[in-house]
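# Structure assessment
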Amino acid sequence: MQTSENEILLVVDIQYDFCSGGKLAVPDADEVVPLINDFAKNFKHVVMTQDWHPAGHSSFASSHPGKEIFSEIEMPYGPQTLWPDHCIQGSHGSAFHRLLDIPQTELIVRKGFRHEVDSYSAFFENDHVTPTGLGGYLKERGFTRIFCVGLAFDYCVRYSAEDAKNLGFDTVVIEEACKAIDLNGSANATRKLFRERGIELI
Ligand code: VGL
Ligand code: ZN
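Residues numbered from 1 in each chain as written. Chains lettered and ligands numbered in written order. Predicted model: local features only at pLDDT ≥ 70, side-chain atom pairs only at ≥ 80, totals over all residues. Heavy atoms only, no water.

Reading across the sheet, the 6 strands line up as β5-β2-β1-β6-β7-β8 and stay open at both edges, with parallel pairing between neighbours. Where the open sheet ends on each side, the last strands, each with one partner, are β5 (107–111) and β8 (200–201). Pairing of strand β6 (residues 145–151) with strand β7 (residues 170–179) involves 6 bridges; the strand directions are parallel. Paired with Phe147 across the two strands is Val172, which belongs to β7. Together, β1 (7–12), β5, β6, β7 and β8 form the strand contacts of helix α3 (residues 153–166), whose direction differs from that of β7 by roughly 170 degrees. (Pairing = 2+ DSSP bridges. Helix = DSSP H or I, 4+ residues; strand = E, 2+ residues; numbered from the N terminus. Contact = heavy atoms within 4.5 Å. Axes fitted to C-alpha atoms, helices over the stretch in contact; angles between N-to-C directions.)

Among the nonpolar cores identified, the biggest contains 56 residues, and Leu9, Leu10, Val11, Ile36, Phe123, Ile146 and Val173 are the most heavily contacted of them. Broken down by secondary-structure element, the contributors of at least two residues to this core are β1, α1 (32–40), β2 (46–51), α2 (134–140), β6, α3, β7 and α4 (186–197). If one sorts the elements of this core by residue count, α3 sits on top with 6 residues. Ignoring any residue separated from it by four or fewer positions in sequence, one finds Val11 in contact with Ile36, Val46, Val47, Met48, Thr49, Ile102 and Val149. Grouped together as the second largest cluster of nonpolar side chains are 6 residues, Ile73, Met75, Tyr77 and Val117 included. (Core = buried A, V, L, I, M, F, W, Y, C linked by side-chain atoms within 4.5 Å. Buried < 20%, exposed > 50% of the residue type's maximum accessible area, 1.4 Å probe, protein only.)

A cis amide bond, omega -15 degrees, links Leu151 with the succeeding residue Ala152. Unusually for a residue other than glycine, Asp13 sits at a positive phi of about 50 degrees. Relative to the elements of secondary structure, Asp13 occurs in the loop between β1 and α1. Even without glycine at this site, Cys87 takes up a positive phi of about 45 degrees. Within the fold, Cys87 resides in the loop between β4 (78–81) and β5.

Geometric values such as these leave the question of function open.
The structure is reproduced here in structure tokens:
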């Protein structure tokens, strides 16, 4: 496969805290790193996201005394799952996996850096209105088709793909190059949502 000038690969959150031994380890996450490296060789254009939270971020259960990890609370922008502390700016856990090797990457988008709102999607914060700027960047550069890979299939990949599609990009998710957290059936719910929204899953 050789991709065209208007296609781009979006590599989501391949960071130590989502890999084995990390604070929010996604099962088997490390397995996708070599797959993504190989897949990326087909792409002239690649962008990555990096989950990037300040200490004490509002998405951390530890910021809400008495609340359990993986429970849900109501935030001003809607329901929010509470996570273990993870991807704290500048920590080892926030760094990209050392085996991730995609030197042609053109842009790294950091997200989740506002204390009071989480950001799963590469395009919008969890309030669904504050943009990260990536949509404008990709449109200005003339990209029309986005391939999504990375972590986690049912959170950051899911919301990124959904927003990409809503912004008018042809959107493809390569499931083999993703791994899911799978809380309360979220992996299957993601597959169903992709079918309903016309997001291609291969
Ligand atoms: C993610 C939960 C919290 C992800 C990031 O990358 O899917 N999930 N922060
Ligand atoms: Zn996060």
